[in-house]
Amino acid sequence: MTRGGSPGAGHAGRAGPGRRPRRALAALLASALLLAGCAQSVDPIERLGRKAAEGVRRPRAPHGPAPDQSYRHWGLTEPLARPPRPTARSLALTPQSAGRFLPRVMDHVPTRDPVVFLTYDDGSDKDPRFVDMVRELRLPVSMFLTDSVVGPRYDHFARLRELGAGIENHTVDHRALAGLPYAGQRAEICGQQNRLKSRLGLRPRLFRPPYGAYDTTTLRAATDCGISAIVLWRAAMTPTDLVYTRGEHRLRPGDIVLVGPDETTGPTLRERTIHVLRRAQQRGLTVGRLEDYLN
């Protein structure tokens, strides 16, 4: 306040003694309460707002590559398309005149869906990075296992099964079955059914004979072991490229592809798989789950 004062101030100054100090004290307390109230109501909100904004701007980094970038991490130039949901299952059984049903032999699934099916034999390759690839690409695969090749490492295939991989039968000892007596063929097929039940808790419905060799005795033995389809292949991945057992030399919808076993002197199983995926994408195809069409 200046020495001369203002008219209002002068009027207030003429009030009774003690009135001016009380008004000044009240104004001071009101100002303090106002400032205190603002500090309590605004600052916490600002702090919460900053934290919320920081949470949006800087999410926690996921383990491994981002989901939309996994395809680049594994060597693909574009994402792998999700397979369509099958609208009808292919028939897996062919009736015999005597009234029994024998497994249907297939190297190709009769479907118009733009899918191929990736299959792997024996179980010799137990690369944990292959498990990572199946998980990150959400890749449907079918593993035809031979007990004498897998050995004690069924845990590797248990992990693949947890990711949705199909586990199927490829005999106990990988013997060529064609020409063997019924008892020998049955022991190979049913024996592996029993081992897979013991090791992984399942009895497959699909069977692949070693080397693709089979005869009518194989069909009878497979039937008696609970098999519904004999699965061969129309395309196979060699160390250099895909080769075809019949028909056009290019992938078609419904083709069953033999990707492995891995060649010790050639590309790894992961590299072979990526090669097939690239070829499929070039043809406008993706990967379906074989068991969704045959079981």
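Residues numbered from 1 in each chain as written. Predicted model: local features only at pLDDT ≥ 70, side-chain atom pairs only at ≥ 80, totals over all residues. Heavy atoms only, no water.

Along its length, the protein chain carries 10 helices and 11 strands. Here the protein chain, with 295 residues, has 40% of them falling under the buried criterion. Put simply, the protein chain shows about 16,400 Å² of open surface, and 55% of that area lies on carbon and sulfur atoms. (Helix = DSSP H or I, 4+ residues; strand = E, 2+ residues; numbered from the N terminus. Buried < 20%, exposed > 50% of the residue type's maximum accessible area, 1.4 Å probe, protein only. Areas by Shrake-Rupley, 256 points an atom, 1.4 Å probe, with all protein chains shown as cover.)

Under the criterion given, the structure shown has 13 salt bridges. Where R129 meets D132, a salt bridge forms, and the shortest distance between an N and an O atom there is 3.2 Å. With R129 and D132 both in helix α4 (residues 128-137) and 3 residues apart, this pair spans about one turn of that helix. Overall, the relative accessible area of 32% leaves R129 in the partly exposed class. (Salt bridge = Lys/Arg side-chain N within 4 Å of Asp/Glu carboxyl O.)

We now examine helix α6 (residues 154-162). Among the residues of α6, Y154, H156, F157 and L160 are the ones counted as buried. All buried residues of α6 project into a common sector of 150° when viewed along the axis, lining one side. Contacts from the buried residues of α6 go to α4, β4 (142-145), α5 (147-150), β5 (166-169) and α7 (182-200). The positive-phi residue at the C-terminal boundary of α6 is G164, with phi of around 105°. (Arc of directions from axis to C-beta. Contact = heavy atoms within 4.5 Å.)

This part is about the side chain of D125. One can find D125 in the loop between β3 (115-122) and α4. Despite its burial, D125 pairs with no opposite charge; the closest candidate is R270, at 6.9 Å N-O. Here the side chain of D125 touches D127 through a polar contact of 3.1 Å, landing on its backbone nitrogen. In contact with D125, other than residues within four places in its own chain, are H156, F157, D262 and L269. (Lys, Arg positive; Asp, Glu negative; His and termini not counted. Polar contact = N/O pair within 3.5 Å; in protein donor to acceptor, adjacent residues only side chain to side chain.)

Membership of the largest hydrophobic core comes to 39 residues, with the highest contact counts inside it found for L118, F130, L137, M143, L251, V257 and L277. Apart from residues lying up to four places away in sequence, M143 is in contact with Y120, F130, F157, L160, G166, I167 and E168. If you look at the next biggest cluster of nonpolar residues, it comprises 28 residues, including L177, L206, A221 and W233. (Core = buried A, V, L, I, M, F, W, Y, C linked by side-chain atoms within 4.5 Å.)

Let's shift gears to the state of the cysteines. For the coordinates displayed, the defined rule picks out 1 disulfide. The partner cysteine of C190 in its disulfide is C225, sulfur to sulfur 1.8 Å. On the sign convention where negative is left-handed, the bridge of C190 and C225, at about -100° about the S-S bond, is left-handed. With C190 in helix α7 and C225 in the loop between α8 (216-224) and β7 (229-231), the pair connects residues that are 35 residues apart, well separated along the chain. In this structure, C190 and C225 share a single accessibility class: buried. (Disulfide = S-S within 2.5 Å.)

Turning to the pairing of β3, a few remarks are in order. A large share of β3 lies buried, amounting to 8 of its 8 residues. Two elements, β3 and strand β11 (residues 286-287), share 2 bridges in a ladder whose sense is parallel. Bridged to V116 within β11 is V287. Both β3 and β4 contribute to a ladder of 4 bridges, which runs parallel. (Pairing = 2+ DSSP bridges.)

Let us now look at the packing of α4 against helix α9 (residues 269-282). Relative orientation of the contacting elements α4 and α9 amounts to 30°, with a least axis distance of 9 Å. When the axis of α4 is compared with that of α9, the two are roughly parallel. Residues R129, F130, M133 and L137 of α4 touch α9, and the partners they reach there are L269, R270, T273, I274 and L277. Of the residues contributing to the contact of α4 with α9, the split by class is 6 nonpolar, 1 polar and 2 charged. (Axes fitted to C-alpha atoms, helices over the stretch in contact; angles between N-to-C directions. Parallel < 35°, antiparallel > 145°, perpendicular 65-115°, else oblique. Nonpolar A, V, L, I, M, F, W, Y, C, P; charged D, E, K, R; others polar.)

The subject of this paragraph is unusual backbone geometry. One non-glycine residue, D122, lies in the positive phi region at around 80°. Its place among the elements puts D122 in strand β3. In this structure, R138 takes a positive phi of about 50° despite not being glycine. Structurally, R138 can be placed in the loop between α4 and β4.

Here we take up the confidence of the model for the protein chain. Confidence in the prediction of the protein chain, expressed as mean pLDDT, is 81, and 72% of residues score 70 or more. Confidence drops under pLDDT 50 across residues 24-67; counting only partners more than four residues distant or on other chains, this segment forms 5 contacts. The model gives residues 90-99 a pLDDT under 50, and that stretch makes 21 contacts with residues more than four places away or in other chains. (pLDDT = per-residue confidence, 0-100.)

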